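Structure at a glance
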Amino acid sequence: MERPLVVSALENQVKARPVPRHVGIIMDGNGRWAESRGLDRLEGHREGSSSVREVTRTARRVGIQALTLYAFSSQNWARPAEEVAGLMDLLRDYLERERAEILDNGIRLNAVGDVGRLPRFVREPLDRLIADSAHNTGMVLSLALSYGGREEILHAASRMAEAISRGELLAGRVEEADFESFLWTNGLPPLDLVVRTSGEQRVSNFLLWQMAYAELCFTDALWPDFRTDEFLRCVSQYQQRERRFGLTSAQVKREDTPQRAKA
Ligand code: IPE
Ligand code: IPE
Ligand code: MG
């Protein structure tokens with residue numbers, strides 16, 4: 001049953017300040033959530049999809065432009081075959097179940113990763129929803145599937161080398177923006193905030209290039225327990241940070257003034 005939406009004081013507080021444009025989440029801890037209850041790991045993944053729905057809705061409500069969820073890494077293919085198969089089934093179920101929600105809420109679905117490795121029964125509903133939501137402008141929800149940051153950088157480097165050999169780009173004159181155009185995340189805003197759940201403090205090959213100046217939020221909550229309030233707490237932490245991009249605090253404050261006045 002849907003819970004009635006009561007907008008919390010925390011949500012209003014978050015909405016009153018600039019929100020990150022692009023948030024990435026390493027959704028970790030499903031297995032431990034299930035195992036601590038004597039359940040099969042897949043039950044944790046299943047419960048985790050409720051967190052996906054709730055966090056997506058909240059992100060949309062507070063005005064985040066892009067949300068990228070790390071759902072399955074390049075390295076996760078090496079997990080036991082039954083777990084991989086179960087995750088693929090859940091992914092298909094998610095795409096079928098959330099289709100209406102995504103389309104009705106103006107969300108554009110996107111995928112980043114080596115999606116060619118996914119089974120047909122996942123790729124088909126994925127491609128369909130990506131195509132059918134392509135005109136939506138509300139929020140871009142990117143699923144990182146069969147995704148690895150090093151894999152992405154290598155893939156981009158090799159595509160860029162091809163472009164250079166075709167004479168479309170000059171070797172030695174390559175700029176950051178040129179390289180970025182070959183990444184799977186091409187077109188997304190810069191990554192402002194990365195959240196990792198489950199108490200682990202590592203990035204596990206997620207958006208390595210894009211993370212260069214992102215703020216990090218680590219939380220002990222396991223992904224199935226990570227819901228609206230936990231998410232808003234991370235956004236609120238982000239809002240209290242000073243992003244210096246190599247400058248001094250005094251410089252940032254000076255540079256900030258005209259921008260604030262403009263906003
Ligand atoms: C994250 O949960 C989901 C995926 C990696 C697919 P885990 O399955 O890694 O959960 P833990 O880390 O074993 O608890
Ligand atoms: C990272 O979680 C990948 C996803 C959340 C999809 P893992 O559970 O695979 O990461 P490690 O193995 O603990 O670093
Ligand atoms: Mg894990």
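Here the residue numbering is sequential within each chain, running from 1 through the sequence in written order. Starting at A for chains and at 1 for ligands, labels are handed out in the order in which the entities are written. In view of the model being predicted, local features appear only for residues whose pLDDT reaches at least 70, and side-chain atom pairs are presented and counted only at 80 or more, with totals across whole chains, interfaces and linings using the full set of residues. Neither water nor hydrogens contribute to the side-chain values; these are computed over all heavy atoms in the structure.

Section: the UniProt feature "active site" (unreviewed entry) in the chain
UniProt positions are given in the numbering used here, feature names are shortened, and annotations may be inferred rather than shown by experiment. Under the feature "active site" (unreviewed entry), the UniProt entry names D28 and N76. Taken along the chain, the residues just named run across 49 residues; in space they keep tight, none of their C-alpha pairs more than 12.0 Å apart. For D28, the location among the structural elements is in the loop between β1 (22–26) and α2 (30–35). Since its relative accessible area comes to 17%, D28 is described here as buried. We call two residues in contact when some of their heavy atoms are within 4.5 Å. Beyond its immediate sequence surroundings of up to four residues, D28 is in contact with R196, T197, S198, E200, L222 and W223. Definition of a polar contact: a pair of N or O atoms within 3.5 Å, with one able to donate and the other able to accept a hydrogen when the atoms are protein atoms, and with sequence-neighbouring residues admitted only if both atoms are side-chain atoms. A polar atom in the side chain of D28 sits 3.2 Å from the side chain of S198. Helix and strand definitions here come from DSSP, where helices need a minimum of 4 consecutive H or I residues and strands a minimum of 2 consecutive E residues; each element is numbered from the N-terminal end. Mapping N76 onto the fold places it in the loop between β2 (66–73) and α4 (81–97). The classification of residues rests on relative accessible area computed with a 1.4 Å probe and restricted to protein chains. Under 20% of the type maximum is buried, over 50% is exposed, and intermediate values are partly exposed. A residue is classified by how much of its surface remains accessible, and N76, at 17% relative accessible area, is buried. A distance of 2.8 Å separates the side chain of N76 from the backbone nitrogen of S73, its partner in a polar contact.

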